[in-house]
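The chain contents come next:
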Amino acid sequence: ISNTFRWVQDHIRYVAFEAGIAGHRPDTPKEALRKRYGDCKGMALLLKTLLKAQGFDARLTDIGTNEIPFKVSEVPTLGSANHVICTLFYKGKTFYIDATCNHIPYTYTPQHIQGSEAMIENGDKPLLQIVPQQKADASIDSLAYQYHLQGDALAGKATYQLRGDMKEWFMSIIDDAGNKNSDDILANNLNADTHNMTVSDVKWTDQDARHEWARFTGNVVNKPAVQQMDGEIYIELNPHNNLFDNRIDTTGRSNDYYFPVRCNIVRQASLLIPTGYKVDYLPPSAKFSTPEGILTCHFSRKGNTILFHQKMQINHRRIPLANIPKWNEAVSKWKDACNEQVVLKK
């Protein structure tokens, strides 16, 4: 199943062409193979056909994405479904496979169809099923640094990991950029937003669509994070490489705000305490909760290593207009807490 889905991802390009009858009738699998491209209907039918030929119970499925505000059973018209996927019944489980997604395994259901009502082919009586909605941590964007003190800078290894919709989103950006610019994008994502680190030897360690996680690494030198004075070292462990932490401008805004995806944004750093130094100040941990998500920041020590961990967990994409000031305030306090410095002393 995994290899068949991967073959379609790799060899059939998604092109949404919907003129005339093509907006309702899918290309035959033969035609999709000949052209090497197809819309959601043609790709889903090809995937279904390949799976059924191997003995699997795969079925075409009409579904409305999160752009459709009603279900098929509520408004039974063609306007209730704007997408087609392949549903697979396998070993007592149901998998909703979207062939237009190029970088996720078949076991992950993309968020744009989570919570939607699927109309699955079943002879004269189609099945209607609600696609389960997964937790926010099913999609993760994670960046971790392993540091040691090297002169007047932090040096070490950075590891970026992605799964779920964050994996699909990021790797689609890489695809659009092309091979010529992909290395620069990877390096920039290991860097701070101000690009004041030195990043080298960046490489993928796993970018297989069949795997749950995508992962790339690089070496970093972070000089601006270290300040030394009178035998004390002031260290800023916050990497300043976050998503969705900008203040939402409410000036003239009359509508609610929507995040692109529910997810966890995780940033971590570990620092090996240099010989001859002790921890003089370790900032307090903090947690800020809103109806839309939870923001946490933790400083701790384990043996001779200082650990920093921050997370933005977005549980609901929509922030009602009245809640935006509270969200802005929580993000501001969270960023202040994450920006505190660790102090080492001889």
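Quick note: structure is the one above.
Small disclaimer: the values here were computed from a predicted structure and weren't measured.

With that settled, the discussion passes to the sheet that holds strand β3 (residues 57-63). Adjacent strands of a sheet form backbone hydrogen bonds with each other and so pair up, either parallel or antiparallel. Taken in spatial order, the five strands of this open sheet run β5-β4-β3-β6-β7, and their pairing is antiparallel. In this open sheet, the two strands that pair with only one neighbour each are β5 (93-97) and β7 (127-130). The mean inter-strand angle of the sheet, taken between neighbouring strand axes irrespective of direction, is 35 degrees. In this sheet, strand β6 (residues 117-120) lies alongside β3 in antiparallel orientation, the contact comprising three bridges. Each bridged residue has a counterpart across the sheet, and for Ile 63 the counterpart in β6 is Ala 118. The strands touched by helix α3 (residues 40-53) within the sheet are β3, β4 (83-90) and β5, with β4 carrying the most contacts at an inclination of about 20 degrees.

A few words now on the pattern of salt bridges. With the rule as written, the count across this model stands at 14 salt bridges. In this structure, the salt-bridge partner of Glu 212 is Arg 163, at a minimum N-O distance of 2.8 Å. With Glu 212 in the loop between β10 (198-206) and β11 (213-222) and Arg 163 in strand β9 (residues 153-163), this residue pair connects regions lying 49 residues apart in the sequence. Looking at Arg 163, the relative accessible area reads 16%, which means it is buried. Taking the shortest distance from any N to any O, the salt bridge between Glu 329 and Lys 333 comes out at 3.2 Å. Note that Glu 329 and Lys 333 are positioned in helix α6 (residues 324-338) at a spacing of four residues, about one turn of the helix. Each of the salt bridges in this network shares a partner with another, and the network as a whole consists of Arg 6, Asp 10, Asp 208 and Arg 210.

To continue, consider the packing of aromatic side chains. Within the structure shown, the criterion is met by 12 aromatic pairs. Summarising the aromatic geometry, the rings of Trp 204 and Phe 216 are spaced 5.2 Å apart at their centres and angled 70 degrees between planes, so their arrangement reads as edge-to-face. Of this pair, Trp 204 sits in strand β10 while Phe 216 sits in strand β11; the two residues are 12 residues apart in sequence, bridging distant segments of the chain.

Strand order in the open sheet formed by four strands is β12-β13-β21-β16, and the pairing between neighbours is antiparallel. Across the chains shown, the open sheet's two edge strands, defined by having one partner strand only, are β12 (226-229) and β16 (278-281). Mean inter-strand twist for the sheet, computed between neighbouring axes without regard to direction, equals 30 degrees. Note: strand β13 (residues 232-235) against strand β21 (residues 342-345), four bridges, orientation antiparallel. Along β21, the bridge assignment pairs Glu 232 with Lys 345.

Even without glycine at this site, Arg 36 takes up a positive phi of about 65 degrees. Looking at where Arg 36 falls in the secondary structure, it is placed in the loop between α2 (29-35) and β2 (37-38). Judged by its relative accessible area of 39%, Arg 36 falls in the partly exposed class. Phi at His 195 takes a positive value of approximately 55 degrees, unusual for a residue other than glycine. Tracing the backbone shows His 195 in the loop between α5 (179-190) and β10.

This part covers the pairing of β5. Inspection of the sheet shows β4 paired to β5 by five bridges, in the antiparallel sense. When the sheet's bridge partners are listed, Leu 88 is paired in β5 with Phe 95. Following β4, the chain reverses through two residues before pairing antiparallel with β5; Lys 91 in that reversal takes a positive phi of roughly 55 degrees.

Counting residues in each nonpolar core, the largest one holds 52 residues, and the members touching the most others are Tyr 147 and Leu 237. Broken down by element, this core gets its largest block of residues, seven residues, from α6. Those residues in contact with Tyr 147 that lie beyond four places of it in its chain are Leu 154, Ala 155, Gly 156, Met 197, Val 220, Asn 222, Leu 237, Ala 269, Ser 270, Leu 271 and Leu 272. Formed by 16 residues, the second largest nonpolar core is a distinct cluster that contains Ile 12, Ala 58, Leu 88 and Phe 95.

The end-to-end C-alpha distance of α5, which contains 12 residues, comes to 18 Å, matching closely the 16 Å that a straight helix rising 1.5 Å per residue would cover. For α5, every residue scored as buried is listed here: Ser 182, Leu 186, Ala 187, Asn 189 and Leu 190. Projected down its long axis, α5 shows its buried positions confined to an angular sector of 165 degrees, all on one face. Turning to α5, the residues buried within the fold contact β8 (140-150), β9, α4 (165-177), β10 and β11.

Conventions adopted
Residues numbered from 1 in each chain as written. Predicted model: local features only at pLDDT ≥ 70, side-chain atom pairs only at ≥ 80, totals over all residues. Heavy atoms only, no water. Pairing = 2+ DSSP bridges. Helix = DSSP H or I, 4+ residues; strand = E, 2+ residues; numbered from the N terminus. Axes fitted to C-alpha atoms, helices over the stretch in contact; angles between N-to-C directions. Contact = heavy atoms within 4.5 Å. Salt bridge = Lys/Arg side-chain N within 4 Å of Asp/Glu carboxyl O. Buried < 20%, exposed > 50% of the residue type's maximum accessible area, 1.4 Å probe, protein only. Phe/Tyr/Trp six-rings, centres within 6.5 Å; stacked < 30°, edge-to-face > 60°. Core = buried A, V, L, I, M, F, W, Y, C linked by side-chain atoms within 4.5 Å. Expected span 1.5 Å × (residues − 1). Arc of directions from axis to C-beta.

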